[in-house]
Every structure is written in C-alpha cells, then in structure tokens.
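Below, each chain spelled out in residue letters.
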Amino acid sequence: MSRRGDWVYENNGGTCVAVAGADYCVVAADTRLSVGYSILTRDHSKICELADKCVLASSGFQGDIKALHKNLAARELLYQHQHNKRMSCPAMAQLLSNTLYYKRFFPYYAFNVLGGLDSEGKGCVFTYDAVGSYERTGYSAQGTGSSLIMPVLDNQLKSPSPLLLPARDAVTPLSELEAVDLVKDVFASATERDIYTGDKLEIVVINKAGTKREYIDLRKD
Amino acid sequence: MAGAMDLPAKGGFSFDLCRRNAMLAEKGLKMPGFRKTGTTIVGLVFQDGVVLGADTRATEGPIVADKNCEKIHYMAPNIYCCGAGTAADTEAVTDMVSSQLQLHRYATGRESRVVTALTLLKSHLFSYQGHVSAALVLGGVDVTGPHLHTVYPHGSTDTLPFATMGSGSLAAMSVFESKYKEGLTREEGIQLVSDAICAGIFNDLGSGSNVDVCVITKGKTEYLRNHQLPNPRTYASSKGYSFTKGQTEVLSTKITQLKPKVEIAEGDAMEE
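Residues numbered from 1 in each chain as written. Chains lettered and ligands numbered in written order. Predicted model: local features only at pLDDT ≥ 70, side-chain atom pairs only at ≥ 80, totals over all residues. Heavy atoms only, no water.

Glancing now at the sheet that holds strand S1 (residues 41–46) of chain B. Residue and element names in this part refer to chain B. Within the open sheet, the five strands sit side by side as S10-S1-S2-S11-S12. Their pairing is antiparallel. If you trace the sheet from one side to the other, it starts and ends with strand S10 (162–165) and strand S12 (220–228), each paired once. When the angles between neighbouring strand axes are averaged without regard to direction, this sheet yields 10 degrees. When strand S11 (residues 211–217) meets S12, the two strands line up antiparallel, connected through six bridges. In the sheet register, Val-211 faces S12, and the bridge partner there is Gln-228. Along the sheet face, helix H4 (residues 169–179) touches S1 and S10 and points at about 165 degrees away from the line of S10. Its contacts with the sheet place helix H5 (residues 186–203) against S1, strand S2 (49–54), S11 and S12, and it is angled at close to 150 degrees to S11. (Pairing = 2+ DSSP bridges. Helix = DSSP H or I, 4+ residues; strand = E, 2+ residues; numbered from the N terminus. Axes fitted to C-alpha atoms, helices over the stretch in contact; angles between N-to-C directions. Contact = heavy atoms within 4.5 Å.)

Put into structure tokens, the structure is as follows:
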C-alpha cells in the first residue's frame, strides 16, 4: 500500500512458470485475477502465443500486460510482413527485452517468462525482470507464487551454472509428461500457500508438432 | 515529570511510550508487522440457541501461515467466541476472559452469562484504545436465553440476531441478508452458517480452507470442528519425490570437536 498519491499500478496477482526440455517447452500460468482481497475473475488467461514456436506468460498489472502483449503481437506481425517468416523465440526474447527497457522510467508492471523452441528445435526459456534484464535458462517462475515454486524447481531440475566450462545444456532431461506432471504438482503446492494463486491452471506445451493446451482445476478458496 | 505528588496508577492505557514510538517512527524505524487471521467469522440466533461459524485460514500478508487453525475459542461451557484480527490478540484476550469467567463461576456458584463475558471483553479492549486488534463474535446460551454480540477492537459492542466479522464479512453478510429469518431450525441454522462461511472462503482471499461450526443450546454445546472440507488438494504427483544421499552437492565439510575427551564418571543416580 503506497502512501504517495501518484501510485498508478496495481498487482493483479498470479504465477507463471516455464520449463524447457530437449525438444519441447512447457509454459503454464494460473487463471485467477485479483485485486486487494477480492477476486476479479477465475478465468483469465495470462498466456499469449506470439509466434508458432514462442509463447509469453506474464503476471503483474493486467493493464500493462495487455498493452505489452498487444505491442509485441503487432511487432511480430510487422516482422512477418518484412521477412516472410515468423519470429524465432530468441529473436522475440531480444525484442521483449528492448520493449521493456524502452519504458525504463515508467515501467511495464509485468513479470515475464518467455518459452518456446529455438532455431534448432530445442526448448528454451527466457526470464525477465520488469525493466528488461533477461537470461536464457532451463526453467523459471515469476509472479506472486514464484518464491514458493523456484526452490522446488531448483531441487528437481537443477540447472547447471552458466559459468561452467564447457557450456552445459540448461534443458531438463525429463520427458514431456514428467515435466507437465511436475508443473501441475508445483502449482497445486503454490496454491495451498499463496492466496493470489488458484482457480485454474492453463498449461501450453510447444513441440515440433505444434502447440497443445491443457487445463486443470486448482483450489478456489 | 517529577511532581510533588505521585498519583497511583489508575488503570487505563498508559501513554508514556507513545512519544518514544512517534520519535522512532520519525527517525525511520519500521514497526514490526503482526500476523492477522484475514478471516470470515459469523454467528446467528436460531430457535433453540446460537450457531457460530468460522473459516480456518491464517495469513501472514499474502502467504497462508496455517491452513487449518481454530478460530472458535472456548470461553465457558455455554459460551464460545469467534476471533478475527491479530491472531495473538484474539487468543490472548479470549483465554484471559475465559479464566476470569471460571474464577467468577467458582465465586458465584452459577453458570456464566454472556453479558459478563461481553463486559469483561469490552472493558479490556477499551482500556487498550484499539491497540489490541481483536474483532470478536461472542455467542452463548445462559439462564437469560440465547445471546449474540459483536465486539470491536476499540471496545464497542452490538447485540444482533446475526453477525459477521473479518475480511470476508461482506461476502458472508450478503448470504445472511438474503436467507436469514427468525425461528430457524438447527439444521437450517447450521446450513446457513456453512453457506455464509463458504461465501467468505471462496470470494475473500483472506479466508479459506475449511468450515468450523459451533452449536450452543440450553444445556448442550456441540463443537463441529471441520464441519465441511470443501478444499481438498487438487493434484498430487503420483511419481512422488525422493531425496537420495548425494543428490544435494556437498561443497565442503568441516568437523569441529566440541570436547576433546568425554569422561563418564560412576556415581549415584540423580534424585528425581
């Protein structure tokens, strides 16, 4: 709660997670939108498919998130027209970083996780802060439940340090089914202890065959 | 303030430390936060007595600290009290008044009355000028009949046929205002209380988990702990988790001997 009269943001809550595999990527987010102690809706998607192999999940201030997604989708369309192909995930990752830093002094209140397949078909996850600092990782969590989920992912997926030489693959050796099972379990756990996470979980899986969507119920209290 | 006369402490709130707290706050000291229960608590009067209800979630900010805490506190065999606000305050004030009531029962040889509990609570809370953050729904049945009261942190009280308190009070009150009528049966009363608590559980983020109910009638009290469990865990990985030795990397090991040599001396057994 800010005492200043000029606080223009609000946090609509929610959590986003992404896990990269050898040839797939799982991007998941809950569907609850809240403000203060109230629920605005139980059925709102935080996930945006920006390109056929690139999916963005964002939590934070929905007003800014809607604007950000719209902005990126428009830029992707322009890219398609200019280059006669869809944007790759690493290219979108850089574009998102630049878009966020562009508003360095009036930021998008959005905590982003970008997931998809890179140009070689391997899973990739990019994690961001509010002003565009990003890093390619094997997995990430952002949002109100991120501090509950990240330690569990660290324990189960243990990404190798980027400082190690030779460079080791950050993606998990788990199968697609195992990764989805882990994501479901980890969200069910976060829902138990975070009041802003719950209602429904939307899971998007990207692999070379395309994009698949799945929903499971979470606690509604 | 060395006066000529040193008046004895008359009771009521001592404001000595307020200047010091204000000075510290001015210097930039942040007051520590309290754990609140972020709650839905309700009570209603039905034809044979009163029914009290509460959710079971305790929060510390946005985190659930306790998924199944008890918010309906014992005051006397025929009087129970639901508490919202700072958990420590509701616990402490209900325990204290419960003890006072028991001593009073021994002194008078009679069953405790709800108005006695009410007066003890309100005078304590008033003397602390709202700093004891306890918002209570007090209900019970005594020789005078069934009673239901709400008590606010500053010490004011209301006497009502149905009442709700806590962050989920608006959600619960909307249910009461729609469905309450005089002369409800026991089953109707329990159902209405459960519905009101569920409204708080599902629509208020500060309330959640299970429904606790307490039914008090003349001569009998039933504490229905976890009367409803409408929030089971939705998904559990069938694979499970294993934490084998060696899975967590040990970076370094250092063993320090606390005592180089331990001597065991023969002697008599310790006296109990």
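If you walk through the whole model with that rule in mind, you get 26 salt bridges over all chains. Measuring nitrogen to oxygen at the nearest pair gives 2.7 Å for the salt bridge that ties Lys67(B) to Glu192(A). In this pair, Lys67(B) is assigned in the loop between strand S4 (63–66) and strand S5 (72–76) and Glu192(A) in helix H4 (residues 176–193), connecting two distinct chains. For Lys67(B), a relative accessible area of 28% corresponds to the partly exposed category. Since its relative accessible area comes to 8%, Glu192(A) is described here as buried. For the salt bridge of Lys71(B) with Asp55(B), the shortest nitrogen-to-oxygen distance reads 2.9 Å. Separated by 16 residues along the polypeptide, Lys71(B) in the loop between S4 and S5 and Asp55(B) in the loop between S2 and strand S3 (58–60) bring together distant segments of the chain. Lys71(B) gets classed as buried once you look at its relative accessible area, which sits at 1%. Linked by salt bridges that have partners in common, Glu192(A), Arg219(A), Asp221(A), Arg57(B) and Lys67(B) make up one network. (Salt bridge = Lys/Arg side-chain N within 4 Å of Asp/Glu carboxyl O. Buried < 20%, exposed > 50% of the residue type's maximum accessible area, 1.4 Å probe, protein only.)

Listed per partner, the contact involves 30 residues of chain A and 31 residues of chain B. Carbon and sulfur atoms make up 47% of the surface buried where chain A meets chain B, a total of about 2,700 Å² over both sides. Summed over the three residues of chain A that lose the most area to chain B, namely Tyr37(A), Arg193(A) and Asp221(A), the buried surface amounts to 26% of that side. Viewed at the interface, chain B and chain A are joined by four salt bridges. Salt-bridge contacts for Asp185(A) lead to Arg233(B); the nearest nitrogen and oxygen are separated by 2.9 Å. For the side of chain A that touches chain B, the element with the highest residue contribution is H4(A), accounting for nine residues. Classifying every residue of the side of chain A that touches chain B by side-chain character gives ten nonpolar, six polar and 14 charged. (Buried area = accessible area lost by both parts, 1.4 Å probe. Nonpolar A, V, L, I, M, F, W, Y, C, P; charged D, E, K, R; others polar.)

Per-residue confidence for chain A gives a mean pLDDT of 94; residues scoring 70 or more make up 97%. Mean pLDDT across the secondary structure elements of chain A bottoms out at helix H3 (residues 146–157) of chain A, with 93, and peaks at strand S1 (residues 15–20) of chain A, with 98. (pLDDT = per-residue confidence, 0-100.)

Residue and element names in this part refer to chain A. With the rule as written, the count across this model stands at eleven aromatic pairs over all chains. Arranged with centres 6.3 Å apart and planes meeting at 85 degrees, the rings of Tyr-9 and Phe-61 form a pair that is edge-to-face. Separated by 52 residues along the polypeptide, Tyr-9 in the segment before S1 and Phe-61 in the loop between strand S6 (54–60) and helix H1 (62–83) bring together distant segments of the chain. For the pair Tyr-9 and Phe-61, a shared accessibility class is recorded, and that class is buried. Put simply, the rings of Trp-7, Tyr-9, Phe-61, Phe-106, Tyr-109 and Phe-111 touch in pairs and so form one group of aromatic residues. Positioned over the ring face of Phe-106 is Lys-103, at 4.3 Å from the centre of the ring. (Phe/Tyr/Trp six-rings, centres within 6.5 Å; stacked < 30°, edge-to-face > 60°. Lys NZ or Arg CZ within 6 Å of the ring centre and 35° of its normal.)

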